Amino acid sequence: MSGPPPGKAGRPGLELTWLGAAGFRVRTGENVFLIDPFVSRNPRARPIQELKPGDIREGRQIFISHGHFDHIKDIPQIAASLGAKVFCHPTQARSLVRDGLAPRLIMMVEQDGQRFDFGSFSAQANYSRHIKFDLRLVLSTLARINLRLPGLLPLTRCYPPGQVLTWKFDLPGRSIRHLGSAGSTRKELAVLAEEETDILLLPLQGHTRICRIVLEFIWALRPKTVIPHHQDDFYPPISRMVDIGPFLEELNREFPQLEVITPRINQPIRL
């Protein structure tokens, strides 16, 4: 597979591919890394993800935001086939080792703000937290699950979120900030805002008012480009499709100069 076209002003080309849920493949120059790669689906999931874990054949590093199944369940298989290093907090490492990931492939994030340098880019992990599910969302989810709850419990109970991480990737000439869940406090956002964010990968899942909640993230971080994700119905009946239309309309009113790119599953975005 050929790489992305050259970037502006001589900087390496950048290609982002949404894998569904909070997952992305990032290609910058000659390097490819993965964020929260989860491609397993059940037959009712929308949009359809045709890839299987074994179809992911590129990636030197894998970065994890938190430990829910829709973020880490596929990682032991993907990392083993690629020989990729997995960067995560120890709370997620326990789940990964239990599921068969070799400890030698795990690189621990053991402090807030820890940075990893890879030569052509760097990655910094900041502690955050998971969004709190609101009662309306919980009740509507339970109503959808109904009698199927016993069969779905292993996916929810065996994959606790653990310490949530936001990741900032500093590439030549620009930066990417990935959030796997929108639970950051105002204080945490203020810390993140101390460094510029060019491209913000923003999750729209976990609360019935999520589209309104994440507007505060835009105000705090002031990115140049926003790519919403995790709005898909990735594993029904646990999940639901989020209508992001109101979010896009609000962004257009409040941030008319902001570039907003709505991703399509498995379709590269070249920046």
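In the block above lies the structure referred to throughout.
Residues numbered from 1 in each chain as written. Predicted model: local features only at pLDDT ≥ 70, side-chain atom pairs only at ≥ 80, totals over all residues. Heavy atoms only, no water.

(A) Here's a closer look at the sheet that holds strand S2 (residues 23-28). Pairing within the open sheet is mixed, and its seven strands lie in the order S6-S5-S4-S3-S2-S1-S14. Because the sheet does not close on itself, it has two edges, and the strands there are strand S6 (106-108) and strand S14 (269-270). The pairing of strand S5 (residues 85-88) with S6 spans three bridges and is parallel. The residue of S6 that forms the bridge with Phe87 is Met107. The sheet strands contacting helix H2 (residues 75-82) are strand S3 (31-35), strand S4 (61-63) and S5, and the helix crosses S4 at an angle near 160°. Across the sheet, helix H3 (residues 90-98) lies against S5 and S6, angled at about 135° from S5, the strand it touches most. (Pairing = 2+ DSSP bridges. Helix = DSSP H or I, 4+ residues; strand = E, 2+ residues; numbered from the N terminus. Contact = heavy atoms within 4.5 Å. Axes fitted to C-alpha atoms, helices over the stretch in contact; angles between N-to-C directions.)

(B) Representation of the state of the cysteines in the model. Applying the stated criterion across every chain, the model contains zero disulfides. You can see Cys158 has no disulfide; the closest cysteine sulfur is in Cys88, sitting 17 Å from it. (Disulfide = S-S within 2.5 Å.)

(C) Highlighting the nonpolar core. Judged by nonpolar contacts, the single largest core of 28 residues is most densely connected at Ile62, Phe69, Ile75, Val86, Leu96 and Tyr235. Contributions of two or more residues to this core are made by helix H1 (69-72), H2, S5, H3 and helix H5 (149-157). The residues contacting Phe69, other than those within four sequence positions of it, are Phe38, Leu155, Tyr159, Phe234, Tyr235 and Ile238. (Core = buried A, V, L, I, M, F, W, Y, C linked by side-chain atoms within 4.5 Å. Buried < 20%, exposed > 50% of the residue type's maximum accessible area, 1.4 Å probe, protein only.)

(D) Just the pairing of S2, in detail. Counting buried positions along S2 yields six of six residues, so the element is predominantly enclosed. Here S2 shows two buried faces, one formed by Gly23, Arg25 and Arg27 and the other by Phe24, Val26 and Thr28. Two strands pair when backbone bridges link them, and strand S1 (residues 14-20) and S2 are joined in this way by six bridges, in the antiparallel orientation. Bridge pairing in S2 places Thr17 opposite Arg25. Here S1 hands over to S2 after two residues, with Ala21 in that stretch at a positive phi of 50°. Here S2 hands over to S3 after two residues, with Gly29 in that stretch at a positive phi of 60°.

(E) Seen up close, unusual backbone geometry. Residues Arg46 and Pro47 are joined by a peptide bond in cis, for which omega reads -5°. Following Pro236, the chain continues to Pro237 via a peptide bond in cis, the omega torsion being 5°. When you line up the elements, Pro237 lands in the loop between strand S12 (225-229) and helix H9 (245-254). Non-glycine residue Arg222 carries a positive phi angle of around 50°. Mapped onto the elements of the fold, Arg222 is located in the loop between helix H8 (215-221) and S12. Here Asn266, not a glycine, exhibits a phi torsion of approximately 65°, which is positive.

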